[in-house]
Amino acid sequence: MNILLIEDEARVADFVRRGLAAEGWSVDHAANGEDGLELAAQNSYDVVLLDLMLPGIQGQDVCRKLRARKSKIPIMMLTALDGPEEKVEGLKIGADDYLPKPFDFDELVARVEALHRRATGYATDVSDTIIANGAITFDRASLEVNVKDKPIDLSKKERDLLQLFLTSNGRVLSRERILNTVWGLNADPLTNVVDVYVGRLRRKLGQEGQRIVTLRNVGYRMT
């Protein structure tokens, strides 16, 4: 999938770009509306992620200009302005979705995938409440975690980390993706918090924790 990210905050742009790239997607970044419109004219994209508070041309005007070109590319607005008035205005001028900052990275990925499915005519999948791998079960409704039918006491971050592994279907998860999803966009990309929590989770899961495999210089994967 090819993504156009129009975002002037360098830290946010870097986290989003690296996280989406870790999903295997191609991401072009523009730091202002003018450059974003130029990239959109020169290239073909599956989804545009558009910040509203941009230098020069504001995000609303970028959206209007894209729609004036008869572009049907799905547009998701990202902004700290999360009042109902802003959402209504954004949708009226042609945006397809609206995600307020700060946002959960997994939600961003899910919404991007949903926009792409909608644009290409694919149906959405419905996830089960209980997810499992080997002897590990996780009930997303009650937040109960069991290993071999015995309850395991996990902190919220440990549960979030486990849920990410269980729902990733054996895919490789980069440290950037894990950091974005579990700790959010404000986390320090140089921190070793991911490795620390993976170690804690492995210990609490006992023998089942060996299912979380380290891929050196890449990230982790649950087998």
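Treat the numbers as computed from the prediction; the structure is a model and nothing was measured. (Residues numbered from 1 in each chain as written. Predicted model: local features only at pLDDT ≥ 70, side-chain atom pairs only at ≥ 80, totals over all residues. Heavy atoms only, no water.)

1. So, the pairing of strand 8 (residues 144–147)
A regular strand places its side chains on the two faces of the sheet in alternate fashion.
Part 1 of the reasoning: The pairing of strand 7 (residues 136–139) with strand 8 spans four bridges and is classified as antiparallel. Residue pairing in the sheet places Thr137 in a bridge with Asn146 of strand 8.
Part 2 of the reasoning: Count of turn residues in the strand 7/strand 8 antiparallel hairpin: four residues, of which Leu143 carries a positive phi of about 65°.
Part 3 of the reasoning: Judged from the two bridges that link them, strand 8 and strand 9 (residues 150–151) form a sheet pairing that is antiparallel. When the bridges of strand 9 are listed, Asn146 appears paired with Pro151.
Part 4 of the reasoning: Hairpin geometry of strand 8 and strand 9 is characterised by an intervening segment of two residues between the two adjacent antiparallel strands and by a positive phi of about 55° at Lys148. (Pairing = 2+ DSSP bridges. Helix = DSSP H or I, 4+ residues; strand = E, 2+ residues; numbered from the N terminus.)

2. A closer look at the sheet that holds strand 11 (residues 212–215)
Part 1 of the reasoning: Ordered in space as 10-12-11, the three strands form an open sheet in which the pairing is antiparallel. Because the sheet does not close on itself, it has two edges, and the strands there are strand 10 (173–174) and strand 11.
Part 2 of the reasoning: In this sheet, strand 12 (residues 219–222) lies alongside strand 11 in antiparallel orientation, the contact comprising four bridges. By the bridge assignment, Leu215 is partnered in strand 12 with Gly219.
Part 3 of the reasoning: Across the face of the sheet, helix 8 (residues 193–205) comes into contact with strand 11 and strand 12 while running at roughly 150° to strand 11. (Contact = heavy atoms within 4.5 Å. Axes fitted to C-alpha atoms, helices over the stretch in contact; angles between N-to-C directions.)

3. Considering the packing of aromatic side chains
Part 1 of the reasoning: In total, this model carries one aromatic pair according to the counting rule given.
Part 2 of the reasoning: When the ring of Trp183 is compared with that of Tyr197, the centres are 5.2 Å apart and the planes differ by 75°; the resulting orientation is edge-to-face. Taken together, the residues span a long stretch of sequence, with Trp183 in helix 7 (residues 175–183) and Tyr197 in helix 8 at a distance of 14 residues.
Part 3 of the reasoning: Take Tyr197: its relative accessible area is 16%, and that puts it in the buried class. (Phe/Tyr/Trp six-rings, centres within 6.5 Å; stacked < 30°, edge-to-face > 60°. Buried < 20%, exposed > 50% of the residue type's maximum accessible area, 1.4 Å probe, protein only.)

4. Considerations on the pairing of strand 2 (residues 26–30)
Part 1 of the reasoning: Examined bridge by bridge, strand 1 (residues 2–6) and strand 2 share five bridges and lie parallel to one another. By the bridge assignment, Ile3 is partnered in strand 2 with Val27.
Part 2 of the reasoning: Read as a crossover between parallel neighbours, the route from strand 1 over helix 1 (residues 10–22) to strand 2 is right-handed. (Right-handed = clockwise from strand over helix to strand, strands pointing away.)

5. Describing helix 3 (residues 59–68)
Side chains that are three or four residues apart share a direction in an α-helix, a result of its 3.6 residues per turn.
Part 1 of the reasoning: Among all positions in helix 3, only Gly59, Gln60, Val62, Cys63, Leu66 and Arg67 are buried. Considered in projection along helix 3, the buried side chains sweep an arc of 160° and stay on one side of the axis.
Part 2 of the reasoning: Within two residues after helix 3, Lys70 carries a phi angle of roughly 70°, on the positive side. (Arc of directions from axis to C-beta.)

6. A short note on the side chain of Glu158
Part 1 of the reasoning: The topology assignment puts Glu158 in helix 6 (residues 156–166).
Part 2 of the reasoning: Among the polar contacts made by the side chain of Glu158, one reaches the side chain of Lys204 at a distance of 2.8 Å.
Part 3 of the reasoning: Setting aside residues up to four positions removed in sequence, Glu158 forms contacts with Asp153, Tyr197, Arg200, Leu201 and Lys204. (Polar contact = N/O pair within 3.5 Å; in protein donor to acceptor, adjacent residues only side chain to side chain.)

7. A short note on the nonpolar core
Part 1 of the reasoning: The biggest cluster of nonpolar side chains holds 25 residues, and the ones touching the most others in it are Leu161, Leu162, Phe165, Ile178, Leu201 and Ile212.
Part 2 of the reasoning: At the level of elements, strand 7, strand 8, helix 6, helix 7, helix 8 and strand 12 are the ones that each hand at least two residues to this core.
Part 3 of the reasoning: At six residues, the largest contribution of residues to this core is made by helix 8.
Part 4 of the reasoning: If sequence neighbours within four positions are ignored, Ile212 has contacts with Phe165, Val198, Leu201, Arg202, Leu205, Tyr220, Arg221 and Met222.
Part 5 of the reasoning: Residues Val48, Val62, Leu66 and Ala95 belong to the second largest nonpolar core, which totals 20 residues. (Core = buried A, V, L, I, M, F, W, Y, C linked by side-chain atoms within 4.5 Å.)

8. Observations concerning the side chain of Asn146
Part 1 of the reasoning: By secondary structure assignment, the location of Asn146 is in strand 8.
Part 2 of the reasoning: Among residues more than four places away in sequence, those in contact with Asn146 are Ala135, Ile136, Thr137 and Pro151.

9. A word on helix 1
Part 1 of the reasoning: For helix 1, with 13 residues, the first-to-last C-alpha span of 18 Å sits near the 18 Å given by 1.5 Å per residue.
Part 2 of the reasoning: Regarding helix 1, the residues found buried are Val12, Ala13, Phe15, Val16, Gly19 and Leu20. An end-on view of helix 1 places all buried positions within 165° of arc, on one side of the element.
Part 3 of the reasoning: For helix 1, the secondary structure elements touched by its buried residues are strand 1, strand 2, strand 3 (47–51), helix 5 (105–120) and helix 7. (Expected span 1.5 Å × (residues − 1).)

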